[in-house]
Amino acid sequence: MLQEGVQVVKEDVSNEKQQMEEGPEDVPLTHVSVEFLQKKDEDYDDYIPEVDKIKEITNDKFYKFVRDIQKLLTYTNAIPFRTRATRYYCFYCSTDGPLFEDPDELRSHTTTKHDKERISRVEQHMKPQWLNEVIKFDIKDLQCTECMLTLHDWNNMFVHFAETHDIGFDEAYTRVIPYSLTSDLQCVLCHEKFANYGLLDIHMNLHYSNHVCFKCGDTFLSVSRLDKHMTTHKTGNFPCTKCDKSFSLNYYLTRHVNLVHNQKTPKCVYCKKNVEGPMHLHISEEHSEKVKPLTCEVCGKVFTWKPYFVAHMRRNHIGVKKYKCEHCPKKFIKPYELKTHSITHTRLSRLFECGACKATFNSITSIKKHISVHDKEK
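Predicted model, so just to flag it, every value in this text is computed and none were measured.

Some points on the nonpolar core
Thought 1: Grouped together as the largest cluster of nonpolar side chains are 43 residues, with contacts concentrated most on Phe137 and Trp154.
Thought 2: Counting only elements with at least two residues in this core, the list comes to α2 (50-75), β2 (87-90), β4 (135-138), α5 (154-164), β5 (176-179) and α7 (197-207).
Thought 3: Excluding anything up to four places from it in sequence, Trp154 contacts Leu72, Phe137, Ile139, Leu142, Val176, Pro178, Leu189 and Tyr208.
Thought 4: One finds Tyr89, Leu99, Cys268 and Tyr270 within the second-largest nonpolar core, a separate group that totals nine residues.

Notes on the UniProt feature "domain: C2H2-type" (unreviewed entry) in the protein
Thought 1: Listed under "domain: C2H2-type" (unreviewed entry) in the UniProt record, and renumbered for this structure, are residues 211-233, 238-266, 294-322, 323-350 and 352-378.
Thought 2: The distance separating the terminal C-alpha atoms of residues 211-233 is 16 Å; by composition the span is 35% helix and 17% strand.

A short note on the packing of aromatic side chains
Thought 1: For the coordinates displayed, the defined rule picks out 11 aromatic pairs.
Thought 2: The interplanar angle of 70° and the centroid separation of 5.3 Å between the aromatic rings of Phe62 and Tyr63 together place this pair among those described as edge-to-face.
Thought 3: By relative accessible area, Phe62 is classed as buried at 2%.
Thought 4: The interplanar angle of 45° and the centroid separation of 4.7 Å between the aromatic rings of Phe158 and Tyr173 together place this pair among those described as tilted.

Points about the environment of Phe220
Thought 1: For Phe220, the location among the structural elements is in strand β7 (residues 219-220).
Thought 2: Relative accessible area serves as the criterion here: at 9%, Phe220 is assigned to the buried category.
Thought 3: Put simply, Phe220 and His207 are 13 residues apart on the chain and 8.8 Å apart in space, counted from C-alpha to C-alpha.
Thought 4: The contacts of Phe220, once residues within four sequence positions are left out, are Asn205, Tyr208, Ser209, Asn210, His211, Cys213, Arg225, Leu226 and His229.

Let's talk about unusual backbone geometry
Thought 1: The omega torsion of the bond from Lys127 to Pro128 falls at 0°, within 30 degrees of zero and hence cis.
Thought 2: Looking at the secondary structure, you find Pro128 in the loop between α4 (122-125) and β4.
Thought 3: Despite not being glycine, Asp166 shows a phi value in the positive range, around 55°.
Thought 4: Along the chain, Asp166 falls in the loop between α5 and α6 (172-175).
Thought 5: For Asp166, a relative accessible area of 69% corresponds to the exposed category.

Quick notes on the pairing of β2
Thought 1: Where burial is concerned, the two faces of β2 agree: the one with Arg87 and Tyr89 and the one with Tyr88 and Cys90 are both buried.
Thought 2: In this structure, strand β1 (residues 79-84) lies alongside β2, joined through four bridges in antiparallel fashion. When the bridges of β2 are listed, Arg82 appears paired with Tyr89.
Thought 3: The antiparallel hairpin formed by β1 and β2 contains two residues in its connecting segment, where Ala85 sits at a positive phi of about 55°.
Thought 4: As paired elements, β2 and strand β3 (residues 99-100) share two bridges and run antiparallel to each other. Bridge pairing in β3 links Tyr89 to Leu99.

What counts and how
- Residues numbered from 1 in each chain as written.
- Predicted model: local features only at pLDDT ≥ 70, side-chain atom pairs only at ≥ 80, totals over all residues.
- Heavy atoms only, no water.
- Core = buried A, V, L, I, M, F, W, Y, C linked by side-chain atoms within 4.5 Å.
- Buried < 20%, exposed > 50% of the residue type's maximum accessible area, 1.4 Å probe, protein only.
- Helix = DSSP H or I, 4+ residues; strand = E, 2+ residues; numbered from the N terminus.
- Contact = heavy atoms within 4.5 Å.
- UniProt positions renumbered as here; feature names shortened; annotations may be inferred.
- Phe/Tyr/Trp six-rings, centres within 6.5 Å; stacked < 30°, edge-to-face > 60°.
- Pairing = 2+ DSSP bridges.

Here it is in structure tokens:
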């Protein structure tokens, strides 16, 4: 059937071509005079540049968004908050204010310290617009303050307000991002569980696909996240001006310069001092009263550093150890862990020799620790 259709189209095209070559009969040739109309200057008075239209639309959306936030804060007990480096901050104090390890302390601080400005100063705290495209809400134990109904589902909340209280929203559907800040973090939309807030925050991009990467199709809830993602596609050759190394991404080059050449040390989130040694030791020694101990509910071990707690859960209670050692019954989660362990089973691998005492070691890490002992003796 397809071939027959193609043949019909070919015959029609050949007939039209033949008629065009023969030319039409008895068609008089005439010249038409064209008059150019000059547009009056006053016609330009109502002209609005395209940029102004875009700004007007953007401002209109922003003020609708602010009104939606004020409605949610008026008719629910939701708590707005900010984050930086997976840490919680007060929405009104911003990231310059105190940080909160415990979400309960964040909720208590917001309701007691900012009760009067909870609604009135939303617009002020949402500027600049480009930096506040979305807002994060903690909706733990969410309730409607009009009828005191417990709202178990975020999407059904909008239905409840529309049908019961005749309250509508414009921008909140895609720009208010809901979280339930508890010790057991899970997505409030699909109820998937996560080990830490960082993973949950990345997961929310799947539910709010406000922006799409045209190269790989990944979705993001804000322009800032999309812009950060786009740097991963800008591959090339970025040489270091201070050494002979080169990198495929500018991000890798910047990190290399900061760590190797500038030797920038991380800053403590509590005292704002640059810490040269391990950060968890500094925090446990200098700010032990601010650290909330984390107890493993499976084996009872207590941790004062959250990354160690997460690593413990992954290694011992969550992760699947599928990489088995050929020489002993031990299993490992990651391939590099098995590779590092396998070295201990063969003496042939002890290739690192100490120049001071001729002792041999099977890894660079081991010999570095050993050499530090000789340095202390000197």
